[in-house]
Amino acid sequence: VLFIGVHIIGGDYHEEEWRRRHRQSFIWTRNSLKRHSGEMDAVVLLGHARRNWKHEDYFDPLLVLIDENYGDIPFMYCHGDGHVYNVREKYMNFLDVEVNSGKKAPPIKVTISYEHVERAKMKFSIDQRGGKY
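Cut-offs applied
Residues numbered from 1 in each chain as written. Predicted model: local features only at pLDDT ≥ 70, side-chain atom pairs only at ≥ 80, totals over all residues. Heavy atoms only, no water. Helix = DSSP H or I, 4+ residues; strand = E, 2+ residues; numbered from the N terminus. Buried < 20%, exposed > 50% of the residue type's maximum accessible area, 1.4 Å probe, protein only. Contact = heavy atoms within 4.5 Å. Areas by Shrake-Rupley, 256 points an atom, 1.4 Å probe, with all protein chains shown as cover. Salt bridge = Lys/Arg side-chain N within 4 Å of Asp/Glu carboxyl O.

Caption draft 1: Just the overall build of the chain, in detail. Counting its regular elements, the chain contains two helices and seven strands. Within the chain, buried positions represent 38% of all 133 residues. Long-range contacts, defined here as pairs at least 24 residues apart, represent 59% of the contacts in the chain between residues at least 6 apart. Accessible area for the chain stands at about 7,800 Å²; split by element, carbon and sulfur atoms hold 48% of it.

Below, the structure is given as structure tokens:
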């Protein structure tokens, strides 16, 4: 499993600064995926902000990259921006997980397992560990 930390933040929108940061994060992500291509069975992206229009210049090209090159590999984007537990499967192999505020719940426990031998059948199981969800 490849873990990639990305600098995707929430807060006040500063277009020029954010576009530069998103471009750098996309290049980091693309290079990390390329460097480990053939070695990874799943990818976990760790950031802060939830997916929304402020971050489309990172996520839009990322989803194209995934679709064109890594369509058989499951991806999870784990973030905490909204501070309310929520799991959304936006695309067939892209799971969007928002964790609760650290004051409200313990860390989640994620298990990545195979349903079958095929990589495309891998799945993420999330244990909320008794959190106030």
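Now that the structure is up, let's keep going.
Caption draft 2: Expanded view of the pattern of salt bridges. Under the criterion given, the structure shown has six salt bridges. Taking the shortest distance from any N to any O, the salt bridge between Glu-98 and Arg-50 comes out at 3.9 Å. Of the two residues, Glu-98 is situated in strand 5 (residues 94–98) and Arg-50 in the loop between strand 2 (43–46) and helix 2 (56–69); the sequence distance between them amounts to 48 residues. We classify Glu-98 as buried; its relative accessible area is 5%. Overall, Arg-50 belongs to the partly exposed group, its relative accessible area being 34%. We note a salt bridge from Arg-88 to Glu-98, for which the minimum N-O separation is 3.6 Å. Remark: Glu-98 occurs in strand 5 and Arg-88 occurs in strand 4 (residues 86–91); sequence separation between them is 10 residues. Through salt bridges with shared partners, one network takes in Arg-50, Arg-88, Asp-96 and Glu-98.

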